[in-house]
Amino acid sequence: GVDEKREAPTWEALWPVILVGLAVIALPLYLVQKAVPLIPASTIAAMTALGPVFVFAMQVFEGRVDYAPATLLGIIVFLLGALIAVWGATRTQTT
């Protein structure tokens, strides 16, 4: 039925998921925190703005999910807006 519960996974089955989570989520967050004092905030903002582009590219590469043209348009608009904002912030800092 709707409420049917499956058997809980064992720790042995969860180790690969934990390792992937550490590699894909925790490591990049740690590296960004280490980079914050070393590089300008605008560079970090530009790199963060690329996140949706990478996710979209991985979805297209994997092939299980068909992309919608509206999704691609939204990502392009977001990316352009973020990069223009970063560019504008760096222009005001240098002048």
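Here the residue index of a chain counts from 1 through its sequence in written order. Per-residue local features of the predicted model are confined to residues with pLDDT of at least 70, and side-chain atom pairs are confined, for both listing and counting, to 80 or more; whole-chain, interface and lining totals are unaffected and use all residues. Side-chain descriptors were evaluated using all non-hydrogen atoms of the structure, hydrogens and water having been removed beforehand.

1. Let's talk about the overall build of the protein
Link 1 in the chain: For the purposes of this entry, the term helix denotes a DSSP run of H or I that reaches at least four residues, the term strand denotes a run of E that reaches at least two, and both are numbered from the N terminus. Within the protein, the regular secondary structure consists of four helices and zero strands.
Link 2 in the chain: Beginning at the N terminus, the succession of helices and strands in the protein can be written as α-α-α-α.
Link 3 in the chain: In this treatment the radius of gyration is a C-alpha quantity, and the globule benchmark scales as 2.2 Å times the residue count to the 0.38 power. A compact globule built from 95 residues would reach a C-alpha radius of gyration of about 12 Å, whereas the protein, at 19 Å, exceeds it by more than 25%.
Link 4 in the chain: Dimensions of the protein, computed from C-alpha atoms along their principal axes, come out at roughly 65 × 35 × 25 Å.
Link 5 in the chain: Across the 95 residues in the protein, those meeting the buried criterion constitute 9%.
Link 6 in the chain: Roughly 8,200 Å² of accessible area belongs to the protein as shown, and the carbon and sulfur atoms make up 72% of that amount.
Link 7 in the chain: Working convention for charge: Lys and Arg count positive, Asp and Glu count negative, and His plus the chain ends are omitted. In plain terms, the charge of a residue is placed at NZ if it is Lys, CZ if Arg, CG if Asp and CD if Glu. In the protein, 5 side chains carry a positive charge and 6 a negative one; their mean positions are 18 Å apart. Under the scheme applied here, a residue whose accessible area is under 20% of the maximum for its type counts as buried, over 50% as exposed, and between as partly exposed, the area being computed with a 1.4 Å probe on protein chains only. Areas reported here follow the Shrake-Rupley algorithm with a probe of radius 1.4 Å; residue values treat only the protein chains shown as occluding.

2. Overview of the pattern of salt bridges
Link 1 in the chain: Between Lys or Arg on one side and Asp or Glu on the other, a salt bridge is scored when a side-chain nitrogen of the former is within 4 Å of a carboxyl oxygen of the latter. Using the criterion set out here, one finds one salt bridge in the structure.
Link 2 in the chain: With its nearest N and O atoms 2.9 Å apart, the salt bridge here joins Glu-62 to Arg-64.
Link 3 in the chain: Take Glu-62: its relative accessible area is 46%, and that puts it in the partly exposed class.

3. Quick word on the environment of Phe-78
Link 1 in the chain: Looking at where Phe-78 falls in the secondary structure, it is placed in helix H4 (residues 69-94).
Link 2 in the chain: For Phe-78, a relative accessible area of 42% gives the class partly exposed.
Link 3 in the chain: Considering only alpha carbons, one finds Phe-78 and Ala-45, 33 residues apart in sequence, at a separation of 13 Å.
Link 4 in the chain: Whether two residues are in contact is decided by their heavy atoms: any pair within 4.5 Å suffices. Sequence-distant contacts of Phe-78, that is, excluding residues within four places in its chain, are made with Ala-49 and Pro-52.

4. So, helix H1 (residues 11-35)
Link 1 in the chain: The span you would expect from a helix comes to 1.5 Å times its residue count less one. Over its 25 residues, H1 extends 34 Å from the first C-alpha to the last, a length consistent with the 36 Å expected when each residue adds 1.5 Å.
Link 2 in the chain: A maximum bend of about 35° is found in H1 at Leu-22. To get the bend at a residue, fit one axis to the 7 residues ending there and another to the 7 starting there, then take the angle between the axes.

5. A few points about the confidence of the model for the protein
Link 1 in the chain: Here pLDDT means the predictor's own confidence in every residue, given as a number from 0 to 100. Chain-level statistics for the protein give a pLDDT mean of 85 and a share of 96% at 70 or above.
Link 2 in the chain: Within the protein, H1 carries the highest mean pLDDT (89), whereas helix H2 (residues 41-49) carries the lowest (82).

6. Regarding the environment of Ala-26
Link 1 in the chain: Here Ala-26 lies in helix H1.
Link 2 in the chain: For Ala-26 and Val-53, which are 27 residues apart along the polypeptide, the C-alpha to C-alpha distance reads 20 Å.

7. Regarding helix H3 (residues 51-62)
Link 1 in the chain: Spanning twelve residues, H3 covers 17 Å between terminal C-alpha atoms, matching the ideal 16 Å at 1.5 Å per step.
Link 2 in the chain: Count one or two residues on from H3 and you reach Gly-63, which has phi positive near 90°.

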